[in-house]
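For reference, the chains in residue letters:
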Amino acid sequence: MPALLKIDGLKVWFDTAGGTVRAVDGVSLDIAAGESMALLGESGSGKSVAAMALLQLLPQPAGRIVAGRVLLGERDLLRTPERDMRAVRGRRIAMIFQEPQTSLNPVMTLGDQISEILPASWPRRRRRERVIYWLDAVGISDPERRYREYPHQLSGGMKQRAMIAMALAGEPELLVADEPTTALDVTIQAQILDLLKELQRRTGMAMLFITHDLAVASQVADRVAVMYAGEIVESADRSAFFGGARHPYTQKLFRAVPGRGKRGEMLEVIPGGVPSLMQEFRGCRFADRCDYVWDLCRTTMPAWRVDSGHGVRCHLYGGAAGISTSVAAPRPAEVPVRAIGPSQPLLQVRDLKVHFPIHSSILRRVVGQVRAVDGVTLSVGTGRTLALVGESGCGKTTVGKAILQLVAPTAGEVLFEGTRLDRMTPSALRPLRRRLQVVFQDPYASLDPRMLVSEILEEGMHAQGIDVAAAGRHSRARDLLEQVGLGAEALNRYPHEFSGGQRQRFCIARALSVEPRLIICDEPTSALDVSVQAQILNLLRRLQQELSLSYLFITHNLGVVEYLAHEVAVMYLGRLVETGVVHEVLEGPRHPYTQALLAAVPSIAGNRAGNGPVPPSAGLPRGEAPSPVNPPAGCHYHSRCPQAMAQCRTDYPAPTRISATHWVRCHLYPADPDPS
Amino acid sequence: MVMPFKPVILWTDALIYLLLAVSIAYGIYAARHEHLRAPWRQVRRNPLAMAALIVLAAYILTGLADSIHFRMRLNGPQTGVQGPIYSPQVLSALDLLCAPLRTHVEQTYSAPFALYAFTPQMVRLPDGSHVLEYPRLRYGGAGLKVPGDRARDITVRCLRAGAESLLLWAAIVGAVVAWCVRQPPESLRSALTRLARGETDTPWRAMLASLGAVILFIAAVANLGGAYHILGTDQVGQDVLFEAIKSIRTGLLIGTLTTLVMLPFALAMGVMAGYFGGWVDDLVQYIYTTLSSIPSVLLIVAGVLSLDLYMANHAAAYDNIAQRQDVRLLSLCVILGVTSWTGLCRLLRGETMKLRNMDYIQAAVALGVRSRRIMTRHIIPNVMHIVLIYVVLNFSGLVLAEAVLSYVGVGVDPSMNSWGNMINGARLEMARDPVVWWSLAAAFLFMFTLVLAANLFADAVRDAFDPRMRK
Amino acid sequence: MIAYIIRRIMYAIPILIGVNLLTFVLFFLVNTPNDMARFHLGMKRVTPQAIAEWKAEHGYDEPLFYNSAASGVGTLTHTIFFQRSVKLFVFDFGQSDDGRDIGYDISQRMWPSLSIQLPTFVVGLVVYISMALMMVFFRGTYLDTGGVVLAVVMMSISMLFYVIGGQYLFSKVLRLVPISGYDTGLSAIKFVILPITVGVISGVGSGVRLYRTFFLEESGKDYVRTARAKGLSEIRVLFSHVLKNAMIPILTGVVVVIPSLFIGSLILESFFGIPGLGSYTIDAIRSQDFGIVHAMVFLGSVLYIVGLILTDISYTLVDPRVRLR
């Protein structure tokens, strides 16, 4: 097949105060017409920079294209003057971005923004009709009305649909999609992926899909290329790639993804981090993290070798015997999830409600309530992990904060070791806080940038009066670092000198510093790359076993739940819809929402026969979650539920007992006659 | 043992010493904390900012020398008084350094480098008749035997000034080069080349150039100032150059003390309003909305006007000129501070509200850290960059404001040396023909140099400290 | 919208009371009416009778805040605070110390002020924004760098020098316009043209620099990248995307001063002899006339609050996300 776009030896360097960062260092890639290519890589691998370089949209003047060619047909885009590039951008190559929230101009109507890409010579009416056609094509209902609306009037998923409409309106030959679903919830992600596949089929355009998610890549791609530290390390057809990845890095990535079937074992961990791109590499860039490294890897850069369409950049496949099919990996150690029977509940939450008043901008008149949490009952036993699962905006983070009394609950009870935490004065609460700690999502925002690591670790001890003597605190801080797998030399440094994964270890050490019984983990791994996520998850599990900690693990990632949790509670719009032991809920979900969540999770479908992408997933919920300001009457989920009945619109379902530990709130199941 | 002088510490002097101590303490603190050292390092690499800093340093040293006050002992007969008598006149170290400039007072206006007065005077001839003529100045060019020698004399003095400053400058350049050669060790040749090309990490070339200019200026004043009035004299015959130099302290004080006075309020109220919210926030917001709703000029006017009335009614308490000037200056700083804290307070409140919801603050609350400690250990260090940027950006605005206020009549004491008073006094003389331009020119030159240097330095500080400016 | 404005006006009342209290405290805490009388009579030995007469004549013969001699509501109304402040709320400004009707003076003098301030404001805004846009368009080039340096130099010069320099150059040397003065009607043009020019030029430095940072900040945003990815020309990106969004921060700083244009500029008016409210205020300051200063403070606060409300309303015009409720 003739290549539509041919990238050849592309190098993009950034000049920073610290030196030159070789963000893209010799990338070659072909995309055929109508083909969908996934460019896979972790953060900092240079995948987005490469995409921006195609369209010469690099931030100026820091970024410069040092070498390479990008051939679109006969034309080298890197040598095309800015004037002529305008005819390429949007019309031949269109692009959609990760953040639909910020990628649309907030002060222009959708209609105006999309029309901009249509020829100015067209009469207004024709352009309008065209825009409405595309709005309709991307599944935006009532396109005439949306045409006049502004981005803020649309939900996140709708904004991304509008972005796609804008990109497609130029009828490009190639669509570059830069992590288009990363900022979206799983159910919305599934919708957008389906939409992209459908549109690609209809228009016959090619797609360069940039992602960090193996599963997403397996859903959309015909071919996959893996980027690591500025270069492509492996590239193959979808089936060959997911059937047998060759590069040690790719293999490790596959084994680092948590999920079913990995409960019993520690996750594969890629030690260390991505090397600094300020250096000139002599050997293989992955050498420092590779299990198979030998001398050659450190001295000679591995060449790109292709065998029956499967390319790889690794010395393992350079032997005279040709390419060995696959390298056996050592199995990670088996660490069984300890079978702990039902235990004394450590934390009990009864009918917790958190409502945030909405004030009018002046005079603070209350004009409404955001029902962030609207009656949540749960309990966490000693040494156990309860996963609280839900999409963004469902109130799961607020539950965590209300338990910690960081926001005041509106109603309900929070009992910790039998003591009511709500209604306590701040000073009475203070000594209890050492039993109940928290780890937040963003490791960059949760460490004070002005404090040394030692100060961060000792702050809690100081506040709680543990080890009053400075020397005692110091040695404890050292012990804590060791416990989370870091060296004592970190103590006298600032957080910004460390990577995200290391910072998250500091956060865990800080929580441990006051010897808590329960740690509320609020999406502690969702800001991290897969390989680092595995490190943190393994650490959390090890600590639980060593210290018999309990976790309330708040997450949207069902893979993580399967790996770590004992019990699961599924939350939708401020309320729990289903709770139970992990295998009950994940293997036999009863609530349509739980079923939809599970269906929406993209899975790595490697063993499927054939070469085509996975067909659109069925049974997805319609639309997006309504606002918690005006939750729908009856069952909150009825507006999106494919199985909604008349009763669902009027009555909120009572809990139904499926088993001793499994409860669901749905009218599909006869309510318990005696909900005791 | 009787001291030849008696130290006098004016209120503003005390505050300047305090400010100096605070700055030194901040310097030590910043040197120990990487998050402060890194942005300052960025400032240090900026050639324009460092050149400006040299100029600022010259101004600051002048201002400091003018802030060491004392009264000289009188050597007259001591009748009926035990112990020494001290002159009622308060002098400063700068006054002593510039003694020739201070004491060479003419009758009235004279042009720069003039030998004769600017305005003709009736002179009574020996025969009793009166003639209108331009009298010879008492000090300006007094050393000349023949008036025609003036050009030659000035040239000689200029050359000498040039030679002296070149010598001193060369010595400093030598010291810098020696320093560069030593660490890290490199050859003299390469050190010189790098210096000359401006490739050193610390921008020595720019700093030395600006230092050279400062030295040349000082040498010129030292060589010419005693013999001529370089910038002429004003209506009462004062040397204009001396006035302009004396005004440096006033300008610096207005620019810095105002901030010093208002900083504690702005910081405490802004942080507390942002952290606690609720009624504290309502109260602080009410206060600053009220204050900022009054046009600041009018608030200053109202404040100064009542101060004037008060001082006029209690004239007895302010008989000493230096003290009166001082109280007036300090009050002006306080009043300016009252009008200018609202902006900073609003900024700090907003930033604190943002920080309050940051995860690391939430984590500290979850650890049981007390509110006061959270504010002092987490919030204040994280808003200090805003304070610093505000202070340096505000400085030049305040220096400019002084001139306007003094012109309007609500600035510093009319008898005090300040650029505003100089402009105010010279403005009326613009109508004369030929124009008396030198007072204006002097005020313009000194003010412009200070404000430009401050602006350039402030820009560099903002670029280094404002997180939005970073990539 | 109307309900919103009414609420805002209600909210302004405590602020205006605060302003009045503050002005009062500033004046009368340190200067009793007796002190004022003594100051105005200007004699070393003033008889108590003369003081009493002066006070009665100028309305300072009642207690400041609370009149124990009166009864009922009178305890509060028969006070200087009530007489001098509360009346301001119905825009009854009273009389100045030399017996003129302040309200009348203000109504006469605000037009000359406006004739300088409004053109200065409009021309200034247009000039600064277009210069800043041009610098952003040529960002990274010598034009941009030179512009930034020039802006810093220009903002380091005191406004007084712009005025003096302008008068010297255009009136004294070139003799293009009169040095100062004012006239009514069209003949005012030759008097106002120089103050307007000076007013605009003196603000170039800070104005251009500020707007340039606004534009630069906007042009780094994601939606600008989207616009470029669409293949729009740089001019189009700048005008229909960056400028539109940068109007939000620009309006924040700009709209609030519009009502205060009535107050005039102290410096321009006094230098150029414009009989506006600025020079009125300066004259009052120099003659230490409390009545006028007080009235101007009050008027200034009212106009500032009007400016705040206008700012909020202007947001709804440029930012579709803002709805006033």
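Residues numbered from 1 in each chain as written. Chains lettered and ligands numbered in written order. Predicted model: local features only at pLDDT ≥ 70, side-chain atom pairs only at ≥ 80, totals over all residues. Heavy atoms only, no water.

> What is the right way to look at the overall build of chain C in this model?
Within chain C, the regular secondary structure consists of 14 helices and 0 strands. Secondary structure of chain C in N-to-C order comes out as α-α-α-α-α-α-α-α-α-α-α-α-α-α. Judged by the C-alpha coordinates and their principal axes, chain C covers about 85 × 55 × 35 Å. Relative to its 325 residues, chain C shows a buried fraction of 52%. The contacts in chain C between residues at least 6 apart in sequence include a share of 69% that link residues at least 24 apart. Approximately 14700 Å² of chain C is accessible, and the part contributed by carbon and sulfur atoms is 68%. (Helix = DSSP H or I, 4+ residues; strand = E, 2+ residues; numbered from the N terminus. Buried < 20%, exposed > 50% of the residue type's maximum accessible area, 1.4 Å probe, protein only. Contact = heavy atoms within 4.5 Å. Areas by Shrake-Rupley, 256 points an atom, 1.4 Å probe, with all protein chains shown as cover.)

> How should I be thinking about the interface of chain B and chain C in this particular structure?
The figure often quoted for interface size is the accessible area lost as the parts come together. Contacts between the two partners involve 47 residues from chain B, matched on the other side by 40 residues from chain C. Carbon and sulfur atoms supply 73% of the area that chain B and chain C bury against each other, a total of about 4100 Å² over both sides. The interface formed by chain B and chain C contains 1 salt bridge. Between Asp459 of chain B and Arg209 of chain C there is a salt bridge; the shortest N-O distance is 2.5 Å. The interface formed by chain B and chain C holds 3 residue pairs in polar contact (both at pLDDT 80 or more) in total. Looking at the side of chain B that touches chain C, the elements that each hand over two or more residues are α10 (278–293), α11 (296–313), α14 (371–408), α15 (419–427) and α16 (438–465) of chain B. When residues in the side of chain B that touches chain C are grouped by element, the largest group, 13 residues, is from α11 of chain B. Tallied by class, residues from the side of chain B that touches chain C come to 31 nonpolar, 9 polar and 7 charged. (Buried area = accessible area lost by both parts, 1.4 Å probe. Salt bridge = Lys/Arg side-chain N within 4 Å of Asp/Glu carboxyl O. Polar contact = N/O pair within 3.5 Å; in protein donor to acceptor, adjacent residues only side chain to side chain. Nonpolar A, V, L, I, M, F, W, Y, C, P; charged D, E, K, R; others polar.)

> What am I meant to see in helix α21 (residues 592–600) of chain A here?
Given 3.6 residues per turn, any residue in an α-helix points the same way as the ones three and four places further on. All names here are of chain A. Burial within α21 is extensive, with 7 of its 9 residues counted as buried. Listed in full, the buried residues belonging to α21 are Pro592, Tyr593, Thr594, Ala596, Leu597, Leu598 and Ala600. Looking at the buried positions of α21, the neighbouring elements they touch are α8 (186–203), β15 (385–389), α19 (558–564), β21 (567–572), β22 (575–581) and α20 (582–587).

> Where do I start with the interface of chain A and chain B in this structure?
Counting residues at the interface gives 28 residues for chain A, matched by 24 residues for chain B. Taking both partners together, chain A and chain B bury about 2400 Å²; carbon and sulfur atoms supply 53% of that area. It is Arg430, Arg450 and Glu459 of chain A in chain A that bury the most area against chain B; as a group they hold 26% of the surface buried on that side. Counting every contact that joins chain A to chain B gives 1 salt bridge. Put simply, Arg377 of chain B and Glu455 of chain A hold a salt bridge, and the shortest N to O gap is 3.9 Å. Inspection of the chain A/chain B interface yields 9 residue pairs in polar contact (both at pLDDT 80 or more). Among the elements of the structure, β18 (436–439) and α15 (453–464) of chain A are those that each provide at least two residues to the side of chain A that touches chain B. With 6 residues, the single largest contributor to the side of chain A that touches chain B is α15 of chain A. When grouped by side-chain class, the residues that make up the side of chain A that touches chain B number 11 nonpolar, 7 polar and 10 charged.

> Explain unusual backbone geometry here, please?
The general pattern is negative phi for most residues beyond glycine and trans for most peptide bonds. Residues and elements named next belong to chain A. Positive phi, close to 55°, is recorded for Gln56, a residue that is not glycine. Note on placement: Gln56 falls in the loop between α1 (47–54) and β4 (63–72). Judged by relative accessible area, which is 23%, Gln56 ranks as partly exposed. Positive phi, close to 50°, is recorded for Glu417, a residue that is not glycine. Positionally, Glu417 belongs in the loop between β16 (411–416) and β17 (419–420). The exposure class of Glu417 is partly exposed, given its relative accessible area of 34%.

> Sorry, what's going on with the confidence of the model for chain C here?
Any segment with low pLDDT has predicted coordinates that should not be analysed in fine detail. When pLDDT is averaged across chain C, the result is 84; 96% of the residues are at 70 or more. Scored as a whole, the predicted complex attains pTM 0.85, and scored at its interfaces, ipTM 0.84. (pLDDT = per-residue confidence, 0-100.)

> Whenever I open this one, the sheet that holds strand β1 (residues 5–8) of chain B confuses me. Can you help?
Two pairing modes exist for strands in a sheet, parallel and antiparallel, and in both the strands are linked by backbone hydrogen bonds. All names here are of chain B. The strand order β1-β2-β3 describes an open sheet built from 3 strands, whose pairing is antiparallel. This sheet does not close on itself; its edge strands, each paired only once, are β1 and β3 (86–92). On average, each strand axis in the sheet is tilted by 30° relative to the strand beside it, whichever way the strands run. As judged from the 4 bridges shared by strand β2 (residues 69–73) and β3, these two strands associate in the antiparallel manner. In the strand pairing of β3, Phe70 is matched with Leu91. (Pairing = 2+ DSSP bridges. Axes fitted to C-alpha atoms, helices over the stretch in contact; angles between N-to-C directions.)

> When you look at the confidence of the model for chain B in this model, what are you seeing that I'm missing?
The predicted model of chain B has a mean per-residue pLDDT of 86, with 96% of residues at 70 or higher. At the low end of the mean pLDDT range in chain B sits α11 of chain B, at 77; at the high end sits helix α3 (residues 47–65) of chain B, at 94.

> Which parts of the structure should I look at to understand the nonpolar core?
Most often, soluble globular proteins keep nonpolar side chains buried together rather than apart. In terms of nonpolar packing, the biggest core is built from 310 residues, with Trp419 of chain B together with Phe215 of chain C touching the most fellow members. When residues of this core are assigned to their parent elements, the largest contribution, 19 residues, is made by α14 of chain B. With residues near it in sequence (within four places) discarded, Trp419 of chain B still touches Tyr59, Ala244, Ser247, Ile248, Gly251, Val399, Glu402, Ala443, Phe446, Met447 and Leu450 of chain B. Core analysis: the next-biggest nonpolar cluster, separate from the first, contains 81 residues, Ala50, Phe97 and Trp134 of chain A together with Ala229 of chain C among them. (Core = buried A, V, L, I, M, F, W, Y, C linked by side-chain atoms within 4.5 Å.)

> Looking at this structure, I do not really get the packing of aromatic side chains. What am I missing?
Aromatic ring pairs are defined here through the distance separating the ring centres and the angle between the ring planes. Enumeration according to the criterion identifies 24 aromatic pairs over all chains in this entry. Taking 5.6 Å as the distance between ring centres and 5° as the angle between the ring planes, the aromatic pair formed by Phe444 of chain B and Phe448 of chain B counts as stacked. Here the residue Phe444 of chain B and the residue Phe448 of chain B both occupy positions in helix α16, the gap between them amounting to 4 residues, near one helical turn. For Phe444 of chain B, a relative accessible area of 27% gives the class partly exposed. Its relative accessible area of 18% is what places Phe448 of chain B among the buried residues. Above the face of the Trp13 of chain A ring, Arg22 of chain A is positioned so that its terminal group lies 4.3 Å from the ring centre. Stacked on the ring of Tyr652 of chain A, the Lys or Arg Arg575 of chain A has its end atom at 4.1 Å from the ring centre. (Phe/Tyr/Trp six-rings, centres within 6.5 Å; stacked < 30°, edge-to-face > 60°. Lys NZ or Arg CZ within 6 Å of the ring centre and 35° of its normal.)

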